[in-house]
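Take a look at the letters that make up each chain.
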Amino acid sequence: MSSIGVGLRKEHYPYLRKGEPVRISWFEAITENYMDTQGRPLEMLEFIRKNFPVALHGVSLSILGGTFPDKKYIQRWKELIQRIDPFLVSDHLCWTEQSGNYLHDLLPFPFTDEFLKFAIERVMQVQEILGRKILLENVSTYLSFPQSEMTEWEFISELSNKSGCGILLDINNIYVNSINHGFSAFTYLDSIPWENVGQIHLAGHTDTGEFLFDTHSRPVAKEVWDLFSSFANKIHGIPILLEWDEDIPNFLEMEEEALKAKSILGSVPK
């Protein structure tokens, strides 16, 4: 059975500090929230780490950005990894920075052979510096490029196969993109190399009426659970995380939403 985790959020620090019962198996911490502090956030992360496995998930690596590598950033990242000893380390397949200007968003790029070679070189460089494998997540996007020469799933599959990185497969992002860009989410999930998938993300999105927006502000949509269920036989054994970043409910409500994944997997033969 897959282990189920949730994102570590400051809103839940009081509950967790009291040592209340916890039914999930692990926590995922946003890397940047703990890299630059010696205060309460880091102390809380170390408190959690004493009792649970922890994954570190970054949002600012900007692996396809203009200024790379950011040696100061990577050194702080590496120090946090050594301090926390996470069971996996991940970031996003995107860019967030150009010419030293950080845009604080996970931005798309064209799926071309040129970008693929570029991404492979960057990933291998990061993995060499860290001395460990990383996972990269497929991001939600709101525009596409006519220059693309392959599909998103072909790009991320080739990147993983040729660089040795793992795939952090966000099923909500796949569904959001499938509606926004008009492709089959089932085909995407049926085409990737599942042996390279090291983690699953689930989250909620918002339907604006014109497009789907990846808000992480509500329960997982039925359509996303349906996709999850359709590929449950491949998901068995892969760590699964529920993300919830806006309008965050209390810990017990968030935990209950995360454990729906366990219930679905338990009802499907391996």
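Before reading on, note that the structure itself is shown above.
What comes next is a walk through the structure. (Residues numbered from 1 in each chain as written. Predicted model: local features only at pLDDT ≥ 70, side-chain atom pairs only at ≥ 80, totals over all residues. Heavy atoms only, no water.)

## Description of unusual backbone geometry
Phase 1 of the analysis: Here Asp 85, not a glycine, exhibits a phi torsion of approximately 55°, which is positive.
Phase 2 of the analysis: Position of Asp 85 among the secondary structure elements: in the loop between α4 (71–84) and β4 (88–92).
Phase 3 of the analysis: With a phi close to 55°, His 216 is a non-glycine residue in the positive phi region.
Phase 4 of the analysis: Considering the arrangement of structural elements, one finds His 216 in the loop between β11 (212–213) and α9 (222–230).
Phase 5 of the analysis: Taking relative accessible area as the criterion, His 216 reaches 9% and is therefore assigned buried. (Helix = DSSP H or I, 4+ residues; strand = E, 2+ residues; numbered from the N terminus. Buried < 20%, exposed > 50% of the residue type's maximum accessible area, 1.4 Å probe, protein only.)

## Looking at the pattern of salt bridges
Phase 1 of the analysis: Within this structure, the stated rule accounts for 11 salt bridges.
Phase 2 of the analysis: Between Glu 20 and Lys 18 there is a salt bridge, with its nearest N and O atoms 3.9 Å apart.
Phase 3 of the analysis: Taking the shortest distance from any N to any O, the salt bridge between Glu 257 and Lys 260 comes out at 2.7 Å. Taken as a pair, Glu 257 and Lys 260 lie in helix α11 (residues 251–266) at a separation of three residues, close to a single helical turn.
Phase 4 of the analysis: Owing to a relative accessible area of 38%, Lys 260 belongs among the partly exposed residues under this scheme.
Phase 5 of the analysis: If you follow the salt bridges from partner to partner, you end up with Arg 23, Glu 255 and Glu 256 in one network. (Salt bridge = Lys/Arg side-chain N within 4 Å of Asp/Glu carboxyl O.)

## What about helix α7 (residues 171–181)?
Phase 1 of the analysis: α7 sits mainly inside the fold: eight of its 11 residues count as buried.
Phase 2 of the analysis: Residues Ile 171, Asn 172, Asn 173, Ile 174, Tyr 175, Val 176, Asn 177 and Ser 178 constitute the buried set of α7.
Phase 3 of the analysis: The N-cap of α7, judged by a side-chain oxygen 3.0 Å from the amide nitrogen of Asn 172 a few residues on, is Asp 170.
Phase 4 of the analysis: In the stretch just after α7, Gly 182 is the one whose phi turns positive, near 75°. (Polar contact = N/O pair within 3.5 Å; in protein donor to acceptor, adjacent residues only side chain to side chain.)

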